[in-house]
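Fold and geometry: a report
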Amino acid sequence: MLSRRAVLLGGATAAVVVAGAGAGVEQGVLPGRPWLQAHLGLNGEAGVIPDVEAGPVETHTFVSQHRLGAETGWCLIRPPGRHTDLPVVVALHGLGQDAATLVGPAMGLGRYLAAAVAAGVPPFAIAAADGGTSYWHPRPDGEDAGAMVVDELLPLLAEQRLRATTSDRIGLIGWSMGGYGALRLGGLLGPDRVAGVVASSPAIWSDADEASSSGFSNAAEYEEYTVVGHQADLTGIAVRVDCGTGDPFYRDVQDYVGAFPDDADVTSTFEPGAHDPAYWRRMLPDQLAFLGAAVGSSA
């Protein structure tokens, strides 16, 4: 039989192991970190959608030539009240989502925008369109959801009397696949067209062999469209990158942020959080304030 002393020592050892595991997970040094962090309760509080009335949300569709004739849903979110000549932030959804996801109960983007403007953030409109599974860059079959945003969505927004013409500077925000897309599209358009970029949990791989086959058919496609090594393309643009420490992309995103030029206008946070809407909602108030300052100052 085990003595009471042995049982007590065993319990103390287990506590030390659990505490050590928690520290190791938070430091990102243990294998299986995202799973462990979630099961040890280390991902922080879930963001709560503000209990406010959203402004007008319009939903539309168009046939996108850049998406090979796909019927493409898009939505336009305005802040409450009477506003004219609003700057625009384009929101890029993640894999397995669409534009409707962003205004639905998982994200509540309209309510977050209303709360931000009520708190004093300079008002702007948010537009989102369906990007499929294309990772917002040209695919081997000819689909190019990034070009759809530039060549098809932005002209539609300009018709809505929003600041979305070729002489206006927009903002970009994206989650996961869309976070990568926002960084790539921001670098492609440059500071003459983009005032600010927010990438939330961007899907970034340092190794081409680990990249998602949904977004990159092979290493050559990854090398052509990766944002790794292209941080200088965002020079002159205010950039914010947020990633949870319980996110599978955490370390690659840290490396990506660390490789920006020393004089880059980049803000980054790495705090407890998973690769999920609970973390994304928690980060939205600060992210929308960041974008409001960026697109507002560019007017």
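None of these values were measured; they are calculated from a predicted model.

1. What about the layout of surface pockets?
Its volume calculated, the largest pocket comes out at about 180 Å³. Lining the largest pocket are 13 residues, with Arg 184, Leu 188, Thr 226, His 230 and Asp 233 positioned closest to its centre. Elements that contribute at least two residues to the lining of the largest pocket include exactly helix H6 (177-189) and helix H7 (219-225). When residues in the lining of the largest pocket are grouped by element, the largest group, four residues, is from H6. Across the lining of the largest pocket, the residue classes tally to six nonpolar, four polar and three charged.

2. Examining the nonpolar core
Judged by nonpolar contacts, the single largest core of 52 residues is most densely connected at Val 90, Leu 157 and Leu 183. When residues of this core are assigned to their parent elements, the largest contribution, seven residues, is made by helix H5 (residues 145-158). Apart from residues no more than four positions distant in its own chain, Val 90 is found in contact with Ala 127, Val 149, Leu 153, Leu 154, Ile 170, Gly 171, Leu 172 and Ile 173. In terms of nonpolar packing, the next biggest core, distinct from the first, is built from 30 residues, Tyr 112, Val 121, Phe 124 and Val 198 among them.

3. A short note on the pairing of strand E1 (residues 57-64)
Remark: a regular strand shows side chains that alternate across the two faces of the sheet. Direction of pairing for E1 relative to strand E2 (residues 70-77): antiparallel, over a ladder of eight bridges. By the bridge assignment, Thr 61 is partnered in E2 with Gly 73. Counted between consecutive antiparallel strands, the loop separating E1 from E2 contains five residues, among which Leu 68 sits at a positive phi close to 60°.

What counts, and where the lines are drawn
Residues numbered from 1 in each chain as written. Predicted model: local features only at pLDDT ≥ 70, side-chain atom pairs only at ≥ 80, totals over all residues. Heavy atoms only, no water. 1 Å grid on protein atoms, 1.4 Å probe; cavity = no way out; pocket = protein on both sides within 12 Å on 5 of 7 lines; lining within 4 Å. Points joined across faces, edges and corners; volume = space filled by probe spheres on them. Helix = DSSP H or I, 4+ residues; strand = E, 2+ residues; numbered from the N terminus. Nonpolar A, V, L, I, M, F, W, Y, C, P; charged D, E, K, R; others polar. Core = buried A, V, L, I, M, F, W, Y, C linked by side-chain atoms within 4.5 Å. Buried < 20%, exposed > 50% of the residue type's maximum accessible area, 1.4 Å probe, protein only. Contact = heavy atoms within 4.5 Å. Pairing = 2+ DSSP bridges.

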